[in-house]
Number of protein chains: 2
Amino acid sequence: MDDLLDKLKEIDGITNKIGEKFLINLIENLDKFNLLNEILQELKENYKNCEICNFYKMNNTCVFCDNNKRDQNLVCVLTSKREARKLLNSEYRGIVHILRGEINLNKNISPDTIQIDKLFARINKDTEVLLATNLTFNGEVTANYIISVIKDKCKKITRLARGIPFGGSLDYIDEETLINAIENRKIIKK
Amino acid sequence: MDDLLDKLKEIDGITNKIGEKFLINLIENLDKFNLLNEILQELKENYKNCEICNFYKMNNTCVFCDNNKRDQNLVCVLTSKREARKLLNSEYRGIVHILRGEINLNKNISPDTIQIDKLFARINKDTEVLLATNLTFNGEVTANYIISVIKDKCKKITRLARGIPFGGSLDYIDEETLINAIENRKIIKK
(Lines give C-alpha, C1' and ligand atoms only; values in the text may rest on other atoms or scores of the structure.)
Protein backbone atom coordinates (compact mmCIF):
# COMPACT_ATOMS: atom_id res chain seq x y z
CA MET A 1 0.00 0.00 0.00
CA ASP A 2 2.92 2.36 0.60
CA ASP A 3 3.65 2.35 -3.14
CA LEU A 4 0.08 3.35 -3.94
CA LEU A 5 0.24 6.04 -1.29
CA ASP A 6 3.45 7.45 -2.74
CA LYS A 7 1.82 7.68 -6.15
CA LEU A 8 -1.36 9.22 -4.79
CA LYS A 9 0.63 11.88 -2.95
CA GLU A 10 1.75 13.23 -6.32
CA ILE A 11 -1.71 14.74 -6.58
CA ASP A 12 -2.12 18.10 -4.85
CA GLY A 13 -3.83 18.10 -1.50
CA ILE A 14 -3.08 14.46 -0.69
CA THR A 15 -0.91 13.90 2.36
CA ASN A 16 0.04 10.57 3.88
CA LYS A 17 -2.84 10.63 6.34
CA ILE A 18 -5.44 11.76 3.82
CA GLY A 19 -4.19 9.26 1.25
CA GLU A 20 -4.47 6.40 3.73
CA LYS A 21 -8.04 7.35 4.61
CA PHE A 22 -8.87 7.70 0.92
CA LEU A 23 -7.48 4.30 -0.14
CA ILE A 24 -8.89 2.44 2.84
CA ASN A 25 -12.31 3.96 2.27
CA LEU A 26 -12.26 2.62 -1.29
CA ILE A 27 -11.19 -0.87 -0.16
CA GLU A 28 -14.01 -0.91 2.34
CA ASN A 29 -16.65 0.54 0.00
CA LEU A 30 -16.52 -0.79 -3.53
CA ASP A 31 -19.32 1.55 -4.64
CA LYS A 32 -16.99 4.50 -4.10
CA PHE A 33 -14.86 3.28 -7.00
CA ASN A 34 -17.82 3.97 -9.25
CA LEU A 35 -18.40 7.35 -7.66
CA LEU A 36 -14.77 8.29 -8.20
CA ASN A 37 -14.79 7.04 -11.78
CA GLU A 38 -17.87 9.16 -12.48
CA ILE A 39 -16.15 12.21 -11.03
CA LEU A 40 -13.01 11.61 -13.07
CA GLN A 41 -14.93 11.04 -16.26
CA GLU A 42 -16.96 14.20 -15.88
CA LEU A 43 -13.87 16.17 -14.94
CA LYS A 44 -11.93 14.89 -17.94
CA GLU A 45 -14.76 15.40 -20.41
CA ASN A 46 -16.11 18.75 -19.33
CA TYR A 47 -13.32 20.67 -17.66
CA LYS A 48 -10.36 22.17 -19.48
CA ASN A 49 -7.77 24.77 -18.67
CA CYS A 50 -8.76 28.19 -20.08
CA GLU A 51 -5.95 29.19 -22.46
CA ILE A 52 -6.63 32.87 -21.88
CA CYS A 53 -6.83 33.33 -18.12
CA ASN A 54 -5.71 29.91 -16.79
CA PHE A 55 -8.96 29.43 -14.91
CA TYR A 56 -10.95 26.38 -16.02
CA LYS A 57 -13.51 26.07 -18.74
CA MET A 58 -16.60 24.04 -18.09
CA ASN A 59 -18.22 22.77 -21.28
CA ASN A 60 -15.82 24.99 -23.24
CA THR A 61 -16.97 28.11 -21.43
CA CYS A 62 -14.87 30.16 -19.03
CA VAL A 63 -17.12 31.90 -16.51
CA PHE A 64 -14.76 34.86 -16.59
CA CYS A 65 -13.48 35.23 -20.16
CA ASP A 66 -16.69 34.15 -21.88
CA ASN A 67 -19.00 36.32 -19.80
CA ASN A 68 -19.85 39.64 -21.44
CA LYS A 69 -21.51 40.88 -18.29
CA ARG A 70 -18.11 40.99 -16.65
CA ASP A 71 -15.88 44.02 -17.11
CA GLN A 72 -13.24 42.63 -19.47
CA ASN A 73 -11.01 45.61 -18.72
CA LEU A 74 -10.60 44.83 -15.03
CA VAL A 75 -8.16 41.95 -14.64
CA CYS A 76 -7.52 40.54 -11.16
CA VAL A 77 -4.15 38.74 -11.06
CA LEU A 78 -4.17 35.73 -8.72
CA THR A 79 -1.81 32.87 -8.05
CA SER A 80 -4.24 29.96 -8.17
CA LYS A 81 -7.58 28.76 -9.50
CA ARG A 82 -8.75 28.12 -5.96
CA GLU A 83 -8.42 31.80 -5.13
CA ALA A 84 -10.29 32.74 -8.29
CA ARG A 85 -13.13 30.45 -7.25
CA LYS A 86 -13.61 32.65 -4.20
CA LEU A 87 -14.53 35.50 -6.53
CA LEU A 88 -17.14 33.48 -8.43
CA ASN A 89 -20.07 34.11 -6.13
CA SER A 90 -18.96 37.54 -5.00
CA GLU A 91 -19.72 41.06 -6.13
CA TYR A 92 -16.50 41.26 -8.10
CA ARG A 93 -17.48 42.01 -11.71
CA GLY A 94 -14.13 41.88 -13.49
CA ILE A 95 -12.17 38.99 -14.93
CA VAL A 96 -9.10 37.14 -13.67
CA HIS A 97 -5.65 36.04 -14.64
CA ILE A 98 -4.20 33.02 -12.85
CA LEU A 99 -0.41 32.93 -12.65
CA ARG A 100 -0.32 29.33 -11.37
CA GLY A 101 2.41 30.17 -8.90
CA GLU A 102 4.59 33.03 -7.75
CA ILE A 103 8.14 34.03 -8.51
CA ASN A 104 10.39 32.27 -6.00
CA LEU A 105 14.07 32.82 -6.56
CA ASN A 106 15.07 30.27 -3.91
CA LYS A 107 13.16 27.57 -5.74
CA ASN A 108 14.24 28.79 -9.17
CA ILE A 109 10.69 29.79 -10.08
CA SER A 110 11.32 32.68 -12.44
CA PRO A 111 8.86 34.87 -14.37
CA ASP A 112 9.24 32.45 -17.33
CA THR A 113 8.11 29.48 -15.27
CA ILE A 114 4.81 30.95 -14.18
CA GLN A 115 2.25 32.29 -16.58
CA ILE A 116 3.22 35.95 -16.60
CA ASP A 117 3.81 36.38 -20.34
CA LYS A 118 0.22 35.41 -21.01
CA LEU A 119 -0.81 38.29 -18.77
CA PHE A 120 1.35 40.81 -20.61
CA ALA A 121 -0.11 39.66 -23.92
CA ARG A 122 -3.68 40.42 -22.91
CA ILE A 123 -3.46 43.86 -21.34
CA ASN A 124 -3.80 47.16 -23.17
CA LYS A 125 -4.29 50.86 -22.58
CA ASP A 126 -7.84 50.27 -21.32
CA THR A 127 -6.96 47.64 -18.75
CA GLU A 128 -6.97 48.01 -15.00
CA VAL A 129 -4.68 45.37 -13.53
CA LEU A 130 -5.62 44.53 -9.94
CA LEU A 131 -2.72 42.71 -8.32
CA ALA A 132 -4.00 40.11 -5.84
CA THR A 133 -0.84 38.13 -5.25
CA ASN A 134 -0.15 37.07 -1.68
CA LEU A 135 1.13 39.72 0.72
CA THR A 136 4.17 37.56 1.40
CA PHE A 137 7.73 38.09 0.29
CA ASN A 138 7.33 36.06 -2.89
CA GLY A 139 3.92 37.55 -3.59
CA GLU A 140 5.40 41.04 -3.34
CA VAL A 141 8.34 40.10 -5.59
CA THR A 142 5.84 38.81 -8.14
CA ALA A 143 3.68 41.94 -7.91
CA ASN A 144 6.68 44.23 -8.21
CA TYR A 145 7.98 42.37 -11.23
CA ILE A 146 4.60 42.69 -12.93
CA ILE A 147 4.39 46.39 -12.08
CA SER A 148 7.85 47.00 -13.55
CA VAL A 149 6.86 45.44 -16.87
CA ILE A 150 3.33 46.76 -17.33
CA LYS A 151 3.52 50.22 -15.82
CA ASP A 152 3.40 51.99 -19.17
CA LYS A 153 1.15 49.51 -20.92
CA CYS A 154 -2.12 49.70 -19.01
CA LYS A 155 -4.57 52.27 -17.76
CA LYS A 156 -4.33 51.60 -14.09
CA ILE A 157 -2.56 49.25 -11.66
CA THR A 158 -4.16 48.53 -8.31
CA ARG A 159 -3.32 46.33 -5.37
CA LEU A 160 -5.53 44.61 -2.81
CA ALA A 161 -6.12 46.86 0.18
CA ARG A 162 -4.49 45.93 3.43
CA GLY A 163 -6.96 44.30 5.68
CA ILE A 164 -5.26 41.17 4.76
CA PRO A 165 -2.62 40.81 7.47
CA PHE A 166 0.98 41.10 6.37
CA GLY A 167 2.37 37.65 5.76
CA GLY A 168 -1.13 36.34 5.21
CA SER A 169 -1.71 33.76 2.52
CA LEU A 170 -4.87 34.26 0.46
CA ASP A 171 -5.58 30.59 0.96
CA TYR A 172 -6.72 31.26 4.50
CA ILE A 173 -8.65 34.45 3.87
CA ASP A 174 -12.42 34.30 3.95
CA GLU A 175 -14.39 35.59 0.98
CA GLU A 176 -15.73 38.68 2.69
CA THR A 177 -12.29 39.93 3.63
CA LEU A 178 -11.15 39.33 0.09
CA ILE A 179 -14.10 41.30 -1.31
CA ASN A 180 -13.48 44.15 1.13
CA ALA A 181 -9.89 44.26 0.07
CA ILE A 182 -10.95 44.43 -3.57
CA GLU A 183 -13.38 47.26 -2.88
CA ASN A 184 -10.70 49.23 -1.05
CA ARG A 185 -8.02 48.44 -3.58
CA LYS A 186 -5.17 50.92 -3.66
CA ILE A 187 -4.09 52.69 -6.82
CA ILE A 188 -0.40 52.16 -7.52
CA LYS A 189 -0.38 53.88 -10.91
CA LYS A 190 -3.09 55.95 -12.48
CA MET B 1 -17.33 22.17 -9.93
CA ASP B 2 -19.21 22.37 -6.62
CA ASP B 3 -21.22 19.27 -7.64
CA LEU B 4 -18.04 17.31 -8.30
CA LEU B 5 -16.62 18.52 -4.99
CA ASP B 6 -19.71 17.39 -3.11
CA LYS B 7 -19.40 13.93 -4.63
CA LEU B 8 -15.68 13.72 -3.96
CA LYS B 9 -16.23 14.65 -0.32
CA GLU B 10 -18.11 11.38 0.15
CA ILE B 11 -14.72 9.70 0.16
CA ASP B 12 -12.97 9.68 3.53
CA GLY B 13 -10.23 12.23 4.05
CA ILE B 14 -11.48 14.66 1.40
CA THR B 15 -12.48 18.08 2.70
CA ASN B 16 -13.57 21.05 0.62
CA LYS B 17 -10.09 22.50 0.45
CA ILE B 18 -8.36 19.21 -0.30
CA GLY B 19 -10.97 18.32 -2.89
CA GLU B 20 -10.50 21.65 -4.68
CA LYS B 21 -6.74 21.17 -4.80
CA PHE B 22 -7.21 17.61 -6.02
CA LEU B 23 -9.63 18.46 -8.85
CA ILE B 24 -7.71 21.55 -9.98
CA ASN B 25 -4.46 19.60 -10.04
CA LEU B 26 -6.09 17.08 -12.39
CA ILE B 27 -7.45 19.80 -14.68
CA GLU B 28 -4.00 21.35 -14.87
CA ASN B 29 -2.11 18.07 -15.31
CA LEU B 30 -3.79 15.60 -17.61
CA ASP B 31 -1.10 12.96 -16.92
CA LYS B 32 -2.35 12.73 -13.34
CA PHE B 33 -5.59 11.23 -14.64
CA ASN B 34 -3.55 8.27 -15.84
CA LEU B 35 -1.68 8.07 -12.55
CA LEU B 36 -4.94 8.04 -10.63
CA ASN B 37 -6.47 5.45 -12.92
CA GLU B 38 -3.43 3.22 -12.41
CA ILE B 39 -3.79 3.57 -8.65
CA LEU B 40 -7.50 2.78 -8.74
CA GLN B 41 -7.00 -0.21 -10.99
CA GLU B 42 -4.29 -1.70 -8.82
CA LEU B 43 -6.31 -1.01 -5.70
CA LYS B 44 -9.41 -2.63 -7.14
CA GLU B 45 -7.60 -5.67 -8.52
CA ASN B 46 -5.20 -6.47 -5.71
CA TYR B 47 -6.70 -5.19 -2.47
CA LYS B 48 -9.64 -6.74 -0.71
CA ASN B 49 -11.09 -6.57 2.75
CA CYS B 50 -9.88 -9.50 4.91
CA GLU B 51 -13.01 -11.37 5.99
CA ILE B 52 -11.32 -12.59 9.14
CA CYS B 53 -9.72 -9.55 10.74
CA ASN B 54 -11.08 -6.66 8.60
CA PHE B 55 -7.58 -5.54 7.65
CA TYR B 56 -6.91 -5.67 3.92
CA LYS B 57 -5.60 -8.50 1.82
CA MET B 58 -3.06 -7.73 -0.86
CA ASN B 59 -3.01 -10.37 -3.61
CA ASN B 60 -5.34 -12.49 -1.46
CA THR B 61 -2.92 -12.50 1.46
CA CYS B 62 -3.50 -10.80 4.78
CA VAL B 63 -0.15 -9.83 6.35
CA PHE B 64 -1.62 -10.64 9.75
CA CYS B 65 -3.95 -13.65 9.33
CA ASP B 66 -1.89 -15.41 6.66
CA ASN B 67 1.45 -15.04 8.43
CA ASN B 68 2.45 -18.10 10.48
CA LYS B 69 5.34 -16.23 12.01
CA ARG B 70 2.86 -14.08 13.88
CA ASP B 71 1.40 -15.29 17.16
CA GLN B 72 -2.15 -16.17 16.11
CA ASN B 73 -3.18 -16.28 19.76
CA LEU B 74 -2.44 -12.63 20.45
CA VAL B 75 -5.22 -10.48 18.96
CA CYS B 76 -4.93 -6.70 19.14
CA VAL B 77 -8.37 -5.07 18.79
CA LEU B 78 -8.25 -1.74 16.96
CA THR B 79 -10.84 0.62 15.54
CA SER B 80 -9.37 1.21 12.06
CA LYS B 81 -7.11 -0.18 9.37
CA ARG B 82 -4.96 2.93 9.61
CA GLU B 83 -4.11 2.13 13.22
CA ALA B 84 -3.29 -1.46 12.30
CA ARG B 85 -0.89 -0.20 9.64
CA LYS B 86 1.10 1.45 12.43
CA LEU B 87 1.80 -2.02 13.83
CA LEU B 88 3.06 -3.39 10.51
CA ASN B 89 6.63 -2.24 10.86
CA SER B 90 6.77 -2.47 14.62
CA GLU B 91 7.97 -5.17 17.01
CA TYR B 92 4.40 -6.32 17.61
CA ARG B 93 4.25 -10.03 16.68
CA GLY B 94 0.57 -10.80 17.14
CA ILE B 95 -2.39 -10.39 14.83
CA VAL B 96 -5.18 -7.80 14.74
CA HIS B 97 -8.91 -7.40 14.68
CA ILE B 98 -10.32 -4.21 13.18
CA LEU B 99 -13.71 -3.14 14.50
CA ARG B 100 -14.19 -0.45 11.82
CA GLY B 101 -15.60 1.96 14.37
CA GLU B 102 -16.48 2.23 18.02
CA ILE B 103 -19.73 1.96 19.91
CA ASN B 104 -21.31 5.42 20.03
CA LEU B 105 -24.71 5.54 21.62
CA ASN B 106 -25.28 9.18 20.64
CA LYS B 107 -24.83 8.28 16.99
CA ASN B 108 -26.73 5.00 17.30
CA ILE B 109 -23.61 2.95 16.60
CA SER B 110 -24.32 -0.20 18.55
CA PRO B 111 -22.24 -3.39 18.94
CA ASP B 112 -24.19 -4.86 15.98
CA THR B 113 -23.17 -2.04 13.66
CA ILE B 114 -19.44 -2.45 14.14
CA GLN B 115 -17.64 -5.72 13.59
CA ILE B 116 -17.66 -7.09 17.13
CA ASP B 117 -19.40 -10.41 16.47
CA LYS B 118 -16.61 -11.39 14.11
CA LEU B 119 -14.19 -10.90 17.01
CA PHE B 120 -16.21 -13.10 19.36
CA ALA B 121 -16.30 -15.82 16.72
CA ARG B 122 -12.52 -16.06 16.44
CA ILE B 123 -11.35 -16.12 20.06
CA ASN B 124 -10.89 -19.21 22.18
CA LYS B 125 -9.37 -20.41 25.44
CA ASP B 126 -5.83 -19.82 24.09
CA THR B 127 -6.37 -16.25 22.96
CA GLU B 128 -4.97 -13.12 24.57
CA VAL B 129 -7.14 -10.16 23.57
CA LEU B 130 -5.21 -6.87 23.70
CA LEU B 131 -7.73 -4.03 23.68
CA ALA B 132 -6.33 -1.04 21.79
CA THR B 133 -9.45 1.03 21.38
CA ASN B 134 -9.10 4.77 21.89
CA LEU B 135 -8.75 6.06 25.43
CA THR B 136 -11.83 8.20 24.88
CA PHE B 137 -15.33 7.80 26.27
CA ASN B 138 -16.55 5.80 23.27
CA GLY B 139 -13.35 3.79 23.13
CA GLU B 140 -13.79 2.84 26.78
CA VAL B 141 -17.45 1.94 26.25
CA THR B 142 -16.39 -0.31 23.39
CA ALA B 143 -13.61 -1.94 25.41
CA ASN B 144 -15.89 -2.50 28.39
CA TYR B 145 -18.56 -4.07 26.23
CA ILE B 146 -16.02 -6.45 24.71
CA ILE B 147 -14.64 -7.33 28.14
CA SER B 148 -18.14 -8.11 29.43
CA VAL B 149 -18.76 -10.57 26.61
CA ILE B 150 -15.40 -12.32 26.33
CA LYS B 151 -14.24 -12.42 29.93
CA ASP B 152 -14.89 -16.17 30.32
CA LYS B 153 -14.04 -17.13 26.75
CA CYS B 154 -10.37 -16.27 26.37
CA LYS B 155 -7.11 -16.82 28.19
CA LYS B 156 -6.20 -13.23 28.93
CA ILE B 157 -7.48 -9.70 28.32
CA THR B 158 -5.01 -6.82 28.26
CA ARG B 159 -5.23 -3.10 27.60
CA LEU B 160 -2.71 -0.61 26.21
CA ALA B 161 -0.62 0.97 28.96
CA ARG B 162 -1.53 4.53 29.77
CA GLY B 163 1.27 7.04 29.83
CA ILE B 164 2.85 10.08 28.31
CA PRO B 165 3.17 9.85 24.52
CA PHE B 166 6.61 10.06 22.96
CA GLY B 167 7.56 13.71 22.68
CA GLY B 168 4.61 14.65 24.87
CA SER B 169 4.98 17.75 27.00
CA LEU B 170 3.69 17.39 30.55
CA ASP B 171 2.11 20.80 30.10
CA TYR B 172 -0.50 19.33 27.80
CA ILE B 173 -1.12 16.08 29.61
CA ASP B 174 -4.28 15.78 31.66
CA GLU B 175 -4.05 14.81 35.30
CA GLU B 176 -5.54 11.38 34.92
CA THR B 177 -2.97 10.39 32.32
CA LEU B 178 -0.21 11.78 34.49
CA ILE B 179 -1.41 9.79 37.49
CA ASN B 180 -1.67 6.67 35.34
CA ALA B 181 1.83 7.24 34.03
CA ILE B 182 3.11 7.56 37.59
CA GLU B 183 1.31 4.40 38.71
CA ASN B 184 2.72 2.47 35.76
CA ARG B 185 6.18 3.97 36.11
CA LYS B 186 8.98 1.86 34.73
CA ILE B 187 12.03 1.01 36.81
CA ILE B 188 15.17 2.22 35.09
CA LYS B 189 17.59 1.44 37.93
CA LYS B 190 16.89 -0.50 41.09
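About the cut-offs
Residues numbered from 1 in each chain as written. Chains lettered and ligands numbered in written order. Predicted model: local features only at pLDDT ≥ 70, side-chain atom pairs only at ≥ 80, totals over all residues. Heavy atoms only, no water. UniProt positions renumbered as here; feature names shortened; annotations may be inferred. Helix = DSSP H or I, 4+ residues; strand = E, 2+ residues; numbered from the N terminus. Contact = heavy atoms within 4.5 Å. Buried area = accessible area lost by both parts, 1.4 Å probe. Salt bridge = Lys/Arg side-chain N within 4 Å of Asp/Glu carboxyl O. Polar contact = N/O pair within 3.5 Å; in protein donor to acceptor, adjacent residues only side chain to side chain. Nonpolar A, V, L, I, M, F, W, Y, C, P; charged D, E, K, R; others polar. Pairing = 2+ DSSP bridges. Axes fitted to C-alpha atoms, helices over the stretch in contact; angles between N-to-C directions. Buried < 20%, exposed > 50% of the residue type's maximum accessible area, 1.4 Å probe, protein only. Domains from an automatic or database assignment. 1 Å grid on protein atoms, 1.4 Å probe; cavity = no way out; pocket = protein on both sides within 12 Å on 5 of 7 lines; lining within 4 Å. Points joined across faces, edges and corners; volume = space filled by probe spheres on them. Arc of directions from axis to C-beta.

Peer 1: Sorry if this is basic, but what is going on with the UniProt feature "zinc finger region: C4-type" (unreviewed entry) in chain A here?
Peer 2: UniProt's feature table lists "zinc finger region: C4-type" (unreviewed entry) at residues 50-65 of chain A, given in the numbering used throughout. Measuring from the first to the last C-alpha atom of residues 50-65 of chain A gives 8 Å, for a span that is 0% helix and 31% strand.

Peer 1: Explanation requested: the interface of chain A and chain B in the structure shown.
Peer 2: Many structure descriptions define interface size as the accessible area lost when the parts assemble. At the interface, 45 residues of chain A touch 43 residues of chain B. Both faces combined, the contact of chain A with chain B buries some 4800 Å², and carbon together with sulfur accounts for 66% of it. Summed over the shared surface of chain A and chain B, the number is twelve salt bridges. Salt-bridge contacts for K81(A) lead to E28(B); the nearest nitrogen and oxygen are separated by 2.5 Å. At the junction of chain A and chain B, the tally comes to 16 residue pairs in polar contact (both at pLDDT 80 or more). Elements that contribute at least two residues to the side of chain A that touches chain B include exactly α1 (2-8), α2 (16-28), α3 (31-46), β1 (47-49), β2 (56-58) and α4 (81-88) of chain A. The greatest single-element share of the side of chain A that touches chain B, amounting to twelve residues, is contributed by α3(A). Of the residues belonging to the side of chain A that touches chain B, the class tally is 22 nonpolar, five polar and 18 charged.

Peer 1: Explanation requested: the sheet that holds strand β6 (residues 128-131) of chain B in the structure shown.
Peer 2: Through backbone hydrogen bonds, the strands of a sheet pair up, either in parallel or in antiparallel fashion. Residue and element names in this part refer to chain B. Here we have four strands laid out as an open sheet, ordered β5-β4-β6-β7, and parallel in their pairing. The two strands at the open ends of the sheet, each matched to only one other strand, are β5 (94-98) and β7 (156-159). Across this sheet, the average inter-strand angle for adjacent strands is 25°, counted without regard to direction. Bridging between β6 and β7 involves four bridges; their strand directions are parallel. Paired with E128 across the bridge in β7 is K156. Each of β4 (71-78), β6 and β7 is contacted by helix α6 (residues 137-150), which is oriented at about 170° to β7, the strand it contacts most.

Peer 1: Please explain the environment of I146(A) as it appears in this structure.
Peer 2: All names here are of chain A. Note on placement: I146 falls in helix α6 (residues 137-150). With relative accessibility at 0%, the residue I146 sits in the buried group. The spatial distance from the C-alpha of I146 to the C-alpha of L23 is 42 Å, given a sequence separation of 123 residues. If we skip the residues at most four places from it in the chain, I146 touches V77, L99, I116, L119, F120 and L131.

Peer 1: Help me out: how do you make sense of the domain arrangement of chain A in this one?
Peer 2: The domains assigned to chain A are domain 1 (2-47) and domain 2 (56-189). Taking only C-alpha atoms, the centre of domain 1 of chain A and the centre of domain 2 of chain A are 31 Å apart.

Peer 1: Help me out: how do you make sense of the layout of surface pockets in this one?
Peer 2: Unfilled space is identified by rolling a water-sized probe across the atoms. In this structure, the largest pocket occupies an estimated 510 Å³ of space. As for the largest pocket, its lining consists of 19 residues, and the residues nearest its centre are D12(A), T79(A), S80(A), R100(A) and G101(A). Breaking the lining of the largest pocket down by element, the ones donating at least two residues are α4 of chain A together with α2 (16-28) of chain B. Broken down by element, the lining of the largest pocket gets its largest block of residues, four residues, from α2(B). Here the lining of the largest pocket is composed, by residue class, of two nonpolar, seven polar and ten charged. Taken as a whole, the second largest pocket spans an internal volume of roughly 300 Å³. As for the second largest pocket, its lining consists of 16 residues, and the residues nearest its centre are Y56(A), R85(A), L88(A), N89(A) and D2(B).

Peer 1: Is there a simple way to explain helix α7 (residues 175-183) of chain A in this structure?
Peer 2: Three- or four-residue spacings in an α-helix give side chains the same orientation, since the helix completes a turn every 3.6 residues. Looking only at α7(A), the buried set comprises L178(A), I179(A), A181(A) and I182(A). Around the axis of α7(A), the buried residues are gathered within 160° of arc, so they sit on the same side.

Peer 1: Even after reading the chapter, I still don't get the environment of I157(B), so can you show me in this structure?
Peer 2: All names here are of chain B. Its place among the elements puts I157 in strand β7. Classification of I157 by relative accessible area gives partly exposed; the value is 29%. Sequence-wise, I157 and F55 are 102 residues apart; in three dimensions their C-alpha atoms are separated by 21 Å. Leave out the neighbours within four places in its chain, and I157 touches V129, L131, I147, I150 and K151.

Peer 1: What is the right way to look at the pattern of salt bridges in this model?
Peer 2: A complete count under the given rule lists 20 salt bridges over all chains for this structure. Note that K7(A) is salt-bridged to E38(B), the shortest N-O span being 3.6 Å. You can see K7(A) sitting in helix α1 and its partner E38(B) sitting in helix α3 (residues 31-46), one on each of two chains. According to the relative accessible area criterion, E38(B) is partly exposed, its value standing at 44%. Residue K156(B) pairs with E128(B) through a salt bridge whose shortest N-O separation is 4.0 Å. Highlighted residues: K156(B) in strand β7 and E128(B) in strand β6, separated in sequence by 28 residues.

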